[in-house]
Amino acid sequence: MDLYRGEPFEQLTRLKTRLQAQAAGVPYDSLGSLGPLHANTVLTGVKCTSSGTRAVLGAEPSCSPDCSRYKGTLDVFYKVIRQEGVTRLWRGTNASLTLAIPSVGIYLPLYDIFRNCMEEYTLRNVPMATPYVPLVAGSLARSISCVTCYPVELARTRMQAFKDTKNGVKPPGVWKTLVGVVSPVNSANSYQNSTRTYRLLWTGLGAQLARDVPFSAICWSTLEPVRRKLLGLVGDEASATTVLGANFSAGFIAGSLAAAATCPLDVARTRRQIENDPERALRMTTRQTLIEIWRDGGAKGWFTGVGPRVARAGPSVGIVVSFYEVVKYALRHRHTAYALAEQRC
């Protein structure tokens, strides 16, 4: 359920992505920066070391090794602003905006439809299964939304992970970023290359589903009971304010827990999405990526960027769920008032 593109928190996503990309081997020194359109490989054979790297053979790096290494969330924040400018914190926001309407528009209505149908069925036939309905409904809705909108999600991650290397040149947008993903296999016009090109646009989809489906399952199975408990405290006196407060609180708690629990899968997803070697991108699996991350950094590697991820997910889930439910409440209230007015006439 990382569909919650909370634009006020977009900079947190960038900070998290930079930390995860650095752990994957993307160099952020000024001369060694790799962009999605300027290199054929990123991860293969590239590892950042604390001692730094030579920019050119026989030449010293333009700054000390520490200036091109991120030590934590606040360090990324400071160095991105100092080296690239404040606006770079919102790099990829256009991709997030492109994703927001279709992903939310597909996901939340589908969740409501699946949940209502399943609850109606389980209450009649299998009452014991009713508490698990939010988990299943959220997983199904998220899977459909994820597969549908995935190429733009891929572009967003790559736009956030890579450092812009050409001063004064506008960084590539969503379309150019996706062209950069498929360009290495477009040299020959054959059916096999066309198929591989299509598959590259969904590179890391398995990792995305492996992250988002459990996220949705954890989030909704936590959110629904918390929300119902809070709304139950006010009973029939619920208003738009209480609906807003209950849903935001439940969403904040559920989003934070789900984000922390699925962080290893988020790290694996980022590593899959920033891979620029087409052969390796098509060959790697989520399981192999998780093993590679563990081998490189252990448990710490699995939870790279967990701070900004949790800080973004909690309020983002709370905002979107509460807004969605308030709109539903207002429309339902308006419909009821209209129906009463019709009866009086």
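Visitor: How would you explain the packing of helix α7 (residues 205–234) against helix α8 (residues 240–261) if you had to name every residue and give the values?
Guide: The contact between α7 and α8 brings their axes to 8 Å, and the two run at 150°. Classified by the angle their axes make, α7 and α8 are roughly antiparallel. α8 is crossed by α7, and the crossing has right-handed handedness.

Visitor: Could you give me a rundown of the pattern of salt bridges, with the residues and numbers involved?
Guide: Scanning the entire structure with this criterion turns up 22 salt bridges. A salt bridge links Asp212 to Arg142; the nearest nitrogen and oxygen atoms lie 2.5 Å apart. Of the two residues, Asp212 is situated in helix α7 and Arg142 in helix α4 (residues 133–161); the sequence distance between them amounts to 70 residues. Under the relative-accessibility criterion, Asp212 is labelled buried at 0%. A salt bridge links Arg280 to Glu292, with the nearest nitrogen and oxygen atoms 2.7 Å apart. On the criterion of sequence distance, the pair formed by Arg280 in helix α10 (residues 278–283) and Glu292 in helix α11 (residues 286–302) is long-range, its members being 12 residues apart. In terms of burial, Arg280 and Glu292 fall into one category: buried. A cluster of three or more residues bridged by salt bridges with shared partners is formed by Lys16, Arg142, Glu153, Arg156, Arg211, Asp212, Asp266, Arg269 and Arg309.

Calculation rules
- The residue count restarts for each chain, going from 1 along the sequence in the order it is written.
- Thresholds applied to this predicted model are a pLDDT of at least 70 for local features of residues and 80 or more for the giving and counting of side-chain atom pairs; totals over whole chains, interfaces and linings are not thresholded and use all residues.
- Heavy atoms from the whole structure form the basis of all side-chain values; hydrogens and water molecules are not counted.
- Note on definitions: angles span 0 to 180 degrees between N-to-C directions of axes, and those axes are lines fitted to C-alpha atoms, for helices only across the stretch in contact.
- Counting from the N terminus, the helices are the DSSP runs of H or I reaching at least four residues and the strands are the DSSP runs of E reaching at least two.
- Throughout, the term roughly parallel applies to angles under 35 degrees, roughly antiparallel to angles over 145, roughly perpendicular to angles from 65 to 115, and oblique to all others.
- Take the far helix as your reference; a near helix turned counterclockwise from it by less than a right angle gives a left-handed crossing, and one turned clockwise gives a right-handed crossing.
- Whenever Lys or Arg places a side-chain nitrogen within 4 Å of a carboxyl oxygen from Asp or Glu, that contact is recorded as a salt bridge.
- Under the scheme applied here, a residue whose accessible area is under 20% of the maximum for its type counts as buried, over 50% as exposed, and between as partly exposed, the area being computed with a 1.4 Å probe on protein chains only.

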